Amino acid sequence: MTERLILVLGDQLTPRLSALREGDRARDVVLMAEVMAEATYVRHHVKKIAFVFAAMRHFAEELRAAGWRVDYVRLDDPANTGSLAGEVQRALARHGMTQTLVTEPGEWRLMQEMAAWPDTSILPDDRFLADRQGFAQWADGRKTMRMEHFYRLMRRKTGLLMEGDQPAGGQWNFDSDNRQPADSALLLPQPLRFAPDAITLEVLDLVAHRFPDHFGDLEPFWFATTRAQAEAAFAHFLATGLRDFGTYQDAMLSAHKFLCHAVISPYLNVGLLDPLAMAQAVEAEWRAGRVPLNSAEGFIRQIIGWREFVRCIYWWRMPDYAASNALDAHRPLPAFYWSADTPMACMRACISQTREEAYAHHIQRLMVTGNFALLAGIDPHELHEWYLAVYADAYEWVELPNTIGMSQFADGGLLASKPYAASGAYINRMSDYCGSCAYDVKAKAGPKACPFNLLYWHFIARHRERLARNPRMTQMVATWNRFAPERQQQLWRDGEAFLATLA
Ligand code: FAD
Ligand code: DLZ
Ligand code: SF4
């Protein structure tokens, strides 16, 4: 058999990658390439670029130690063409090869590109638990399609938290136990932090020089960049965060950016952690009596439920999905999404933390920055590019359905059964942000009124015809309809006045 060039992408950093399993380390050459095209197709947070390059460089060492010949192209290699296609061509010529082998990329745009490359075999990515082609068949035949249905199939398929054919604890989902606000006096765990080694320090220097105008703080940089470190970070979460993960999953605190969240999505999404092994480890903690079922189930649901579900939706609905705009939202993204310069304490906290850490937890993304954009009618595509740029874990297959579908309802309800729209009362209940805000969360009108309150009714009024057809929203539309006309006009005017300030 002829020698082949095995291309390994920056989010394919596992020895059990299908292309590496198919390859032959005595004969084939692995190509890894840092390229400007991937680092700039959105203006990624500098921490994300540094994390990916540092993890790539460490993985190249891991492969070399395992006996692979690795051809690693650095960003500052003078001959670097700046694109993956260009680097594959150069490497094929360098090694006198014609055949390329690659595991399918996570993003549609790259899949389209690779499908046009000559003599290239593209293998399925079997790091995921659900089969995306099978999902498309399952989904095509269904009238309604909810994550919960999919999740039960995944529980049965994996056997996780099952007692025979029944869910452990007699319930599939313990979400109703998982909505407690947190108290800042609680001793909350912290993610495991790692000092950059020589390889990472070199990357930090490169990123500081090459991407000076990208969003975000590069330092302090404490992410895991090797498999061993990522595994240690996850083990640390099992020991310190998992027990209360479920209970405080939706809570937000100014002084605690991470609460009981695992902070492992950057590692998982590049392949340093394995989703099934993680879910099994969480189940083992519950079976050993060390963590309650609501936490174990809540975590496993995110991994084998939501994460797999959004990926299947992505591949099933692309490319049209990216252009979805069911609520016809066209307002430009306000500049404070980049600067954090806003009197809204909740937005300021979530955006500042995003700039510092390239991380915000799910409820901060969904119910603060996402909720604001939904209520204000921000263009979902602009918002999508923001989420894709600012988080260290952001890849389009997972970010786009979360933004377009779950957060903005821009797919018209394909993914979420109702828009995640909420007034300031929700943020006040789940966080301590409102106490230090220039606005008054209790005020519904006037200059001090919380913008989430003003915009909530503006949103309901704007979309009342569509929302009245959604059984989960009819009550809110009925409430709006019962308001006296003067009150409706006042609320509308206040909402308009606030929206005018965003320009
Ligand atoms: P934890 O809260 O500890 O959860 C554990 C794991 O479950 C996560 O690491 C993640 O792998 C998985 N998970 C949890 N929720 C989801 C979800 N809704 N979809 C997919 N996986 C989930 N997640 C990404 O990995 N990349 C993204 O680009 C991304 N963009 C998002 C954009 C928006 C608008 C929203 C609302 C959510 C987005 N999420 C994304 C989902 C979620 O916010 C992150 O996975 C989570 O915050 C990562 O932090 P953690 O590791 O501490 O997660
Ligand atoms: C995110 C990223 C970045 C910043 N840089 C590179 C790179 O230089 N080389 C590479 O192979 N991959 C990189 N990646 C990850 C890719 O963007 C990712 O593989 C695709 O988006 C498909 O998911
Ligand atoms: Fe956010 Fe409104 Fe609370 Fe201020 S008052 S922190 S804007 S929810």
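This report concerns the structure included in the present document. (Residues numbered from 1 in each chain as written. Chains lettered and ligands numbered in written order. Predicted model: local features only at pLDDT ≥ 70, side-chain atom pairs only at ≥ 80, totals over all residues. Heavy atoms only, no water.)

Quick look at the sheet that holds strand β5 (residues 120-123)
Turning to step 1, where the next piece is worked out: Taken in spatial order, the 5 strands of this open sheet run β3-β2-β1-β4-β5, and their pairing is parallel. Because the sheet does not close on itself, it has two edges, and the strands there are β3 (69-73) and β5. Across this sheet, the average inter-strand angle for adjacent strands is 25°, counted without regard to direction.
Turning to step 2, where the next piece is worked out: Strand direction decides the pairing type here: strand β1 (residues 4-7) and strand β2 (residues 29-33), joined by 3 bridges, are parallel. Considered in β2, the bridge of Leu 7 is made with Leu 31. (Pairing = 2+ DSSP bridges. Helix = DSSP H or I, 4+ residues; strand = E, 2+ residues; numbered from the N terminus. Axes fitted to C-alpha atoms, helices over the stretch in contact; angles between N-to-C directions.)

Observations concerning unusual backbone geometry
Turning to step 1, where the next piece is worked out: A cis geometry characterises the amide bond from Glu 219 onward to Pro 220, with omega recorded as 5°.
Turning to step 2, where the next piece is worked out: Relative to the helices and strands, Pro 220 resides in the loop between α8 (198-210) and α9 (227-240).
Turning to step 3, where the next piece is worked out: Non-glycine residue Leu 161 carries a positive phi angle of around 50°.
Turning to step 4, where the next piece is worked out: On the secondary structure map, Leu 161 appears in the loop between α7 (147-158) and β6 (162-163).
Turning to step 5, where the next piece is worked out: Of note, Ala 340 is a non-glycine position whose phi angle comes to about 65°, a positive value.

Side note on the site of ligand 1
Turning to step 1, where the next piece is worked out: Near ligand 1, the surroundings consist of 29 residues, among which His 261, Ala 262, Val 263, Asn 269 and Tyr 359 are the closest.
Turning to step 2, where the next piece is worked out: In the environment of ligand 1, a nitrogen atom lies 3.5 Å from a nitrogen or oxygen atom belonging to the side chain of Arg 365.
Turning to step 3, where the next piece is worked out: A distance of 2.9 Å is found between a nitrogen atom of ligand 1 and a side-chain nitrogen or oxygen belonging to Asn 402.
Turning to step 4, where the next piece is worked out: In the complex, 99% of the free accessible area of ligand 1, which totals 820 Å², lies under the protein chains.
Turning to step 5, where the next piece is worked out: The set of elements that each furnish at least two residues to the shell around ligand 1 consists of α11 (265-270), α13 (293-317), α16 (362-376) and α18 (396-407).
Turning to step 6, where the next piece is worked out: It is α18 that contributes the most residues to the shell around ligand 1, 6 residues altogether.
Turning to step 7, where the next piece is worked out: A breakdown of the residues in the shell around ligand 1 according to their chemical character gives 16 nonpolar, 9 polar and 4 charged.
Turning to step 8, where the next piece is worked out: The residue makeup of the shell around ligand 1 includes at least three contributed by each of domain 2 (132-189 + 241-317) and domain 3 (336-500). (Near = heavy atom within 4 Å. Polar contact = N/O pair within 3.5 Å; in protein donor to acceptor, adjacent residues only side chain to side chain. Areas by Shrake-Rupley, 256 points an atom, 1.4 Å probe, with all protein chains shown as cover. Nonpolar A, V, L, I, M, F, W, Y, C, P; charged D, E, K, R; others polar. Domains from an automatic or database assignment.)

With respect to the side chain of His 45
Turning to step 1, where the next piece is worked out: Within the secondary structure, His 45 sits in the loop between α2 (36-40) and α3 (46-65).
Turning to step 2, where the next piece is worked out: According to the relative accessible area criterion, His 45 is buried, its value standing at 0%.
Turning to step 3, where the next piece is worked out: If near-sequence neighbours (up to four positions away) are discounted, His 45 is found in contact with Phe 215, Gly 216, Asp 217, Thr 354, Arg 355, Ala 358, Ala 389 and Val 390. (Buried < 20%, exposed > 50% of the residue type's maximum accessible area, 1.4 Å probe, protein only. Contact = heavy atoms within 4.5 Å.)

Some remarks on the pairing of β1
Within a regular strand, side chains alternate between the sheet's two faces.
Turning to step 1, where the next piece is worked out: The alternating pattern of β1 places Arg 4 and Ile 6 on one face and Leu 5 and Leu 7 on the opposite face, and all of these are buried.
Turning to step 2, where the next piece is worked out: Bridging between β1 and strand β4 (residues 99-103) involves 4 bridges; their strand directions are parallel. Bridging from a neighbouring strand, Leu 7 pairs with Val 102 of β4.

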